[in-house]
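Chain by chain, the residues run as shown.
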Amino acid sequence: MLGFMMAIVVGSGIVNAIHPPSNVEPIDPTTLHLGGEFAESNLGAIREADGSLTVRMVADQYAFVPDCVEIAADTPIKFRLTSIDVVHGFLLPATNVNTMVVPGFVAEVRTRFERPGVYRMPCNEFCGPGHHGMWARVNVVPKEQFGASTPARRTACAQQ
Ligand code: CUA
């Protein structure tokens with residue numbers, strides 16, 4: 001891990017980049033599946049008491065789990081991601097969301113989608129031979145429609 005951080009400093013010259021706010025929360029990548037925040041039953045979009053949505057995803061070689069999440073437009077969204085193996089990237093084109101997903105840490109990013117639509121999310125960090133096929137999608141639906149969708153649909157939206 002240290003070696004990895006040093007490489008960033010040398011490569012970019014931007015000292016702040018070594019402590020991105022999204023990567024300060026440690027988590028044990030070897031026990032993710034055993035329970036806690038990133039257990040399978042907690043993945044996908046969950047409505048918080050304040051009406052916002054929290055989306056939890058796990059990155060691995062070579063997929064995001066879940067590979068599609070359904071969320072509501074015009075709603076505060078918080079993505080929380082972690083990796084079980086190597087460094088992946090999480091990029092949502094046309095938004096402010098672009099973060100590295102580093103094993104051992106939770107990456108957290110906040111955004112909001114004003115309009116419904118389908119956003120394809122490429123893995124944005126080379127992570128091995130399957131990198132170019134590592135995609136996930138976010139389906140942004142109108143608020144009213146999201147309220148009616150089932151928890152299963154929020155984590156396994158139909159491919160389009
Ligand atoms: Cu995962 Cu590139």
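The following paragraphs examine the structure supplied in this document. (Residues numbered from 1 in each chain as written. Predicted model: local features only at pLDDT ≥ 70, side-chain atom pairs only at ≥ 80, totals over all residues. Heavy atoms only, no water.)

A word on the pattern of salt bridges. Note that side chains of opposite charge can pair when their charged atoms are close. Scanning the entire structure with this criterion turns up eight salt bridges. Taking the shortest distance from any N to any O, the salt bridge between Glu37 and Arg56 comes out at 2.6 Å. Taken as a pair, Glu37 in the loop between β1 (25-26) and β2 (44-47) and Arg56 in strand β3 (residues 53-60) lie far apart in primary sequence, 19 residues in all. Take Glu37: its relative accessible area is 26%, and that puts it in the partly exposed class. A relative accessible area of 15% means that Arg56 is categorised as buried. (Salt bridge = Lys/Arg side-chain N within 4 Å of Asp/Glu carboxyl O. Helix = DSSP H or I, 4+ residues; strand = E, 2+ residues; numbered from the N terminus. Buried < 20%, exposed > 50% of the residue type's maximum accessible area, 1.4 Å probe, protein only.)

One open sheet accounts for three strands, arranged β5-β11-β10; its pairing is mixed. The open sheet has two free edges, formed respectively by β5 (68-72) and β10 (117-122), since each of these has just one partner strand. Pairwise comparison of adjacent strand axes, ignoring direction, gives a mean angle of 20° for this sheet. Note: β5 against strand β11 (residues 135-141), five bridges, orientation parallel. Bridged to Ala72 within β11 is Val141. (Pairing = 2+ DSSP bridges. Axes fitted to C-alpha atoms, helices over the stretch in contact; angles between N-to-C directions.)

Just geometry here; none of it tells us what the structure is for.
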